[in-house]
Amino acid sequence: MNVYWESVEHGLTIYHGDCLEVMPALGQTFDMAFTDPPYGHNNNDGDMIQLWEKIFPGCAPKHSDTTPRPILNDGPEARELFEDALRAMYNVLPPGACCCCCGGGGGPVPQFAYWSLILDNIFDFKQMVVWDKGPMGMGWHYRRSYEVVLVGVVPGAACRWYDTTRRVENILRAGTVPKIIPAADQHPTEKPWQLAAHFIQLHTKDGHVVLDPFLGSGSTLVAAHNTGRRGVGIELDEQYCEMAALNLEAAIAQGCLFKPEEVPQATHELTLFDKDLE
């Protein structure tokens with residue numbers, strides 16, 4: 001187990017290693033987990049994302065690159081890894097704590113369904129939240145314009161929930177969280193830090209510690225820092241440990257916490273039911 005980068009002052013640590021080995025070795029519990037595991041799609045390794053320009057000449061996203069950028073453990077082994085990682089997370093989260101896992105979106109493989117059943121077998125399944133990324137996503141038929149975040153709760157206590165508005169939906173509407181089309185110098189499946197921040201603010205309080213066992217480029221720990229939390233991230237690929245460290249140093253250098261106007265908010269109008277609750 002190797003500490004790759006650490007800021008003691010800000011309570012942020014990156015470990016370089018296998019999360020299945022690192023998590024039990026840490027000897028600590030966490031207040032929630034937010035993570036984006038490999039989906040098993042061989043992303044950016046001979047798929048449409050990598051070959052976009054060849055498939056649709058002249059229509060490649062800005063800053064696209066045709067060089068393969070495979071993600072470790074992103075083949076058939078990913079489903080077993082997901083289940084093993086969930087069990088390891090379960091063992092380091094107290095009753096009532098939440099595990100939030102990004103789970104892709106749409107088909108052709110019903111991954112969100114498989115992963116939901118696996119999550120429910122280990123945690124108590126709480127919700128599938130849809131992140132509407134807005135038009136227009138990858139694909140041809142039914143182009144992929146959303147992703148899901150699966151939420152599980154450790155049984156034995158009430159779900160840790162710190163929202164007081166009673167208006168948090170299970171859909172993050174388009175424009176609530178910015179969309180990222182990763183450039184060649186970014187992680188191929190990078191998520192905006194505001195996505196993790198939305199869930200971190202719902203399920204933790206200031207000073208709590210957030211775990212991400214598949215850290216990637218570090219957006220979860222950036223979100224933890226920007227919301228006044230602490231965080232521990234684990235990443236197997238050293239190049240992304242370095243990328244995450246640089247992103248965290250940049251976030252710390254900015255010296256500001258999450259601005260209230262940047263918090264993802266429900267945008268629906270009040271219903272009669274909402275008004276009755278007030």
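Residue numbers run consecutively from 1 along every chain, following the written order of its sequence. Given that the model is predicted, a residue must reach a pLDDT of at least 70 before its local features are reported, and side-chain atom pairs must reach 80 or more before they are shown or counted; all residues, however, enter totals for whole chains, interfaces and linings. Side-chain measures were taken over the full set of non-hydrogen atoms in the model, leaving aside hydrogen atoms and water.

## With respect to the side chain of Thr 204
Moving on, step 1. Numbering of helices and strands runs from the N terminus; a helix is a DSSP stretch of H or I covering at least four residues, while a strand is a stretch of E covering at least two. Mapping Thr 204 onto the fold places it in the loop between α5 (193-203) and β8 (209-212).
Moving on, step 2. Polar contact is the term for a pair of N or O atoms within 3.5 Å; when the atoms are in protein, one must be able to donate a hydrogen and the other to accept it, and sequence-neighboring residues count only if both atoms are side-chain atoms. Within polar-contact distance, the side chain of Thr 204 engages the backbone oxygen of Ile 200 at 2.5 Å.
Moving on, step 3. When neighbours within four sequence positions are excluded, Thr 204 is seen to be in contact with Asp 31, Met 32, Tyr 162, Val 210 and Arg 229. Throughout, a contact is declared for two residues whenever any of their heavy atoms are within 4.5 Å.

## What about the confidence of the model for the protein chain?
Low-confidence regions, as indicated by low pLDDT, have predicted coordinates that should not be scrutinised in detail.
Moving on, step 1. pLDDT is a residue-level measure of predictor confidence that goes from 0 to 100. For the protein chain, mean pLDDT is 84; residues scoring 70 or higher make up 78% of the total.
Moving on, step 2. Under a pLDDT of 50 for its full length, residues 44-48 has, in the predicted model, 16 contacts with residues more than four places off or in other chains.
Moving on, step 3. Residue range residues 266-273 is modelled with pLDDT below 50. Its contacts to residues more than four positions away, or to other chains, number ten contacts.

## Quick word on unusual backbone geometry
Moving on, step 1. The phi dihedral of Tyr 142 falls on the positive side, at around 50 degrees, and the residue is not glycine.
Moving on, step 2. Inspection of the secondary structure assignment puts Tyr 142 in the loop between β5 (124-132) and β6 (146-153).
Moving on, step 3. Positive phi outside glycine occurs at Arg 166, with the angle close to 60 degrees.
Moving on, step 4. Mapped onto the elements of the fold, Arg 166 is located in the loop between β6 and β7 (171-172).

## Considerations on the environment of Asp 185
Moving on, step 1. Inspection of the secondary structure assignment puts Asp 185 in the loop between β7 and α5.
Moving on, step 2. According to the relative accessible area criterion, Asp 185 is exposed, its value standing at 60%.
Moving on, step 3. Measuring from C-alpha to C-alpha, the distance between Asp 185 and Met 243 comes to 9.3 Å, with 58 residues separating the pair along the chain. Exposed residues in this analysis have more than 50% of their type's maximum accessible area, buried residues have under 20%, and partly exposed residues fall in between, with area computed by a 1.4 Å probe over protein chains only.

## Describing the sheet that holds β7
Moving on, step 1. Spatially, the nine strands line up as an open sheet ordered β1-β2-β9-β8-β3-β4-β6-β5-β7, and their pairing is mixed. One side of each edge strand has no neighbouring strand; the edge strands of this open sheet are β1 (2-7) and β7.
Moving on, step 2. Relative to strand β9 (residues 230-235), strand β2 (residues 12-16) runs parallel, the two being bridged by five bridges. Of the residues in β9, the one forming a bridge with Tyr 15 is Ile 234.
Moving on, step 3. Helix axes are fitted to C-alpha atoms over the stretch in contact, other axes to C-alpha atoms as well, and angles between N-to-C directions run from 0 to 180 degrees. Packed on one face of the sheet, helix α4 (residues 111-122) meets β4 (98-102), β5 and β6 and runs near 10 degrees to β6. Here, a strand pair is defined by DSSP locating no fewer than two bridges between the strands.

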